[in-house]
Amino acid sequence: MAMTAERPFTAASFTQFLNEKKLMGSHCIHCDKDFLPPRAICSQCYSDQLEWVEFSGKAKLAAFTSIYIAPTAMIAAGFGRENPYLAGVVELEEGVKISAQILGLDAKKPDQVKIGTPLKVEFVERGEGETKQTALAFRVE
Amino acid sequence: MSTKKLGRGVALVGAGMSKFGAFPDKSSRDLFVEAFQSMRQSVDKDFDPTDIETIYIGNFSSDLFESQSHTAPIMADVVGLASRPATRVEDACASSGVALRQGILAIASGLYDVVLVGGIEKMTNLPTAEVTDTLAAAADTLYEIPAGFTFPGFYAAIASAYMHKYGMKPEHLMNVAIKNHENGALNPNAQFGMTIAAWMEGRKASAAKKGKPIPTWQNEMDFLHDDSANPMIAWPLRLFDCSPITDGATALLLVAEDIAKQFTDHPLHIIGSGQASDVALHDRDDLTTINAARLASQQAYGMAGVTPKDIRVAEVHDCFTIAEVVATEDLGFFAPGEGFKAAEDHVTARDGAKPINTSGGLKSKGHPVGASGAGQAVEIFKQMRGLAGKRQVAGDIPLALTHNVGGTGGTCVVHIYERRD
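Residues numbered from 1 in each chain as written. Chains lettered and ligands numbered in written order. Predicted model: local features only at pLDDT ≥ 70, side-chain atom pairs only at ≥ 80, totals over all residues.

Draft legend 1. Spotlight on the environment of Gln-68 of chain B. Residues and elements named next belong to chain B. Positionally, Gln-68 belongs in the loop between helix H2 (62-65) and helix H3 (71-78). In this structure Gln-68 comes out as partly exposed when scored by C-beta crowding, with 17 C-beta atoms within 10 Å. Placed 61 residues apart in sequence, Gln-68 and Ala-129 show a C-alpha to C-alpha distance of 20 Å. With residues near it in sequence (within four places) discarded, Gln-68 still touches Ser-62 and Asp-63. (Helix = DSSP H or I, 4+ residues; strand = E, 2+ residues; numbered from the N terminus. Buried ≥ 20, exposed ≤ 12 C-beta atoms within 10 Å, placed from the backbone. Contact = placed C-beta atoms within 7 Å.)

Draft legend 2. Region of interest: the nonpolar core. In terms of nonpolar packing, the biggest core is built from 167 residues, with Leu-12, Ile-158 and Leu-252 of chain B touching the most fellow members. With 10 residues, the single largest contributor to this core is helix H6 (residues 151-166) of chain B. Split by domain, this core shows at least three residues from each of two domains, domain 1 (4-54) and domain 2 (58-140) of chain A. When neighbours within four sequence positions are excluded, Leu-12 of chain B is seen to be in contact with Leu-252, Leu-254, Pro-267, Leu-268, Ile-270, Ala-377, Phe-381 and Tyr-417 of chain B. (Core = buried A, V, L, I, M, F, W, Y, C linked by C-beta atoms within 7 Å. Domains from an automatic or database assignment.)

Draft legend 3. Local environment of the pairing of strand S8 (residues 133-140) of chain A. All names here are of chain A. Both strand S6 (residues 97-103) and S8 contribute to a ladder of 3 bridges, which runs parallel. When the sheet's bridge partners are listed, Gln-101 is paired in S8 with Ala-137. Bridge count for strand S7 (residues 118-126) against S8 is 8 bridges, and the pairing is antiparallel. Paired with Glu-125 across the two strands is Thr-134, which belongs to S8. The hairpin turn running from S7 into S8, its antiparallel successor, is 6 residues long, and Gly-127 in that turn takes a positive phi close to 80 degrees. (Pairing = 2+ DSSP bridges.)

Draft legend 4. The arrangement of the environment of Ala-293 of chain B in detail. Residue and element names in this part refer to chain B. Within the secondary structure, Ala-293 sits in helix H10 (residues 291-304). When the C-alpha atoms of Ala-293 and Pro-146 are compared, they prove to be 26 Å apart, with 147 residues separating the residues in sequence. In contact with Ala-293, not counting residues within four places along its chain, are Ala-327, Asp-330, Leu-331, His-403, Val-405, Gly-409 and Cys-412.

Draft legend 5. Focus on the domain arrangement of chain A. All names here are of chain A. Taken domain by domain, chain A consists of domain 1 (4-54) and domain 2 (58-140). Placing the centre of domain 1 and that of domain 2 at their C-alpha centroids yields a distance of 23 Å. Across the boundary between the two partners, domain 1 contributes 8 residues, which contact 9 residues of domain 2. Of the residues that constitute the side of domain 1 that touches domain 2, the class distribution is 4 nonpolar, 2 polar and 2 charged. (Nonpolar A, V, L, I, M, F, W, Y, C, P; charged D, E, K, R; others polar.)

Draft legend 6. Highlighting the sheet that holds strand S4 (residues 114-122) of chain B. Residue and element names in this part refer to chain B. Spatial ordering of the open sheet is given by S3-S2-S4-S7-S1-S8-S11-S10-S9, a layout of 9 strands whose pairing is mixed. Two strands bound the open sheet, and with one partner strand each, they are strand S3 (86-89) and strand S9 (313-315). Here the strands of the sheet are splayed against their neighbours by 25 degrees on average, with no regard to which way each runs. Bridging between S4 and strand S7 (residues 247-256) involves 9 bridges; their strand directions are antiparallel. Within S7, the residue paired with Gly-118 across the bridge is Ala-251. Against the sheet, helix H4 (residues 95-108) touches strand S1 (10-17), strand S2 (54-58), S3, S4, S7, strand S8 (268-277), strand S10 (399-406) and strand S11 (411-419), its axis set at about 170 degrees to S4. (Axes fitted to C-alpha atoms, helices over the stretch in contact; angles between N-to-C directions.)

Draft legend 7. Quick look at the sheet that holds strand S3 (residues 50-54) of chain A. Residue and element names in this part refer to chain A. Spatially, 3 strands are ordered S2-S1-S3 in an open sheet, and the strand pairing comes out antiparallel. Bordering the open sheet on either side are strand S2 (34-35) and S3, each of which pairs with just one other strand. Pairing of strand S1 (residues 24-28) with S3 involves 5 bridges; the strand directions are antiparallel. Residue pairing in the sheet places Ser-26 in a bridge with Trp-52 of S3.

Structural data, given as structure tokens:
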């Protein structure tokens, strides 16, 4: 496996890090801004001098939904009308936001879920063998 | 922001649509022929279709819906215009709103005088889960979709942030659905052209006919709160908060302003056009507003030299009820956090101070995604010309607006129309 510093700022690298149970984004050396997902060009100062940065994984819930009509990938994972799941946008303590599945809360009682709930990153494995993928999730602390 | 102007004036002189609905025996090209014929009939004076010089077609994904790419030349061909330059425009659900803008820019550039703008989408061939997957391709498939998000899910997340910030309740959204179905019930082209009250009575009658217990819903709100009548799709959005899966096509005829009187004595001048883009939903500072809509409308208002107050009627992108609430704030009709009360207070009703989605909106009229943006202009054409029948807004409509969103706001395009005669 390539050393962190050598990996390109791509979705493939991001996924590779998830497989290694690391939540990694990019950091602009020039203007100090963090990016998650990682980007190769700073959208604030246009510098291409970026480096990988690992995020702590501490976050709070910024927006969410409980999904009853699922896409095929989530139906395959056992979700649907009788077994809804929570998807959300979380804000990391470093200030960046990302989309993720939300765990540890009752998806059948979404009106009791509170925006601002503290969360911790979790790496969820979906599928088996060749199709095994690590998905980003956050769980109630 | 500097205010940019078009190189020359552009007028809308014809507008038509197919019926919206589920049509197992019709492909998108069949629907486009219907829309084109309906557009031809809407042109007052003699109009020779061979005068059309170029064609822009909005189409999100015939590739996945119909296994058909490269749709623009096919649409040109089926209406007898095979040799003309034909260009497909894809910006998700804003595809034909952006196609309209491309048509405007083509005329404003001086290159063309007569331009056909169309929109097509044939969505009902696929089962619902695959439609959900296809629509999800309009989001960020690398970073948003793996979280399990669907399109109803994204807008539901926007609703959750909005409820948290402003104290809106799901009932406020139900009022948007009730209002839009009341409008759609008066639109013969609407897919679900019936009031929610009529829908409820239909369900009761059906239960009685089958000898089943007759539901005891007292009113529309009662019906909309019932999980069996109005199931949850993505909390807090239920079935009646969501636009349907639709087949449909639309067609508009644009001409240079200086020749508009050859086509009609009542041209609609397109005096404002704006378009902007935005990042993925999770990357936005504020999840209760669509910044691309704010920017696009500021461009359009600036170009037109008008303010939100001046707009008499508007068709806004209500793919979900929450989207209409956010749109009416982004367009400056209501202050942030105030838009959710508008439907309940009848402000956005046909006889209110600011009628919104008199067509029934995407909610009731239907949402054939690539055709919807141009479809909004069809309604504005009818309303401004006094051709909207039973749903006609009373009085003169000198200024109107359309607002068409792609994805969760990755694209927004806004147009302002003026009637001068």
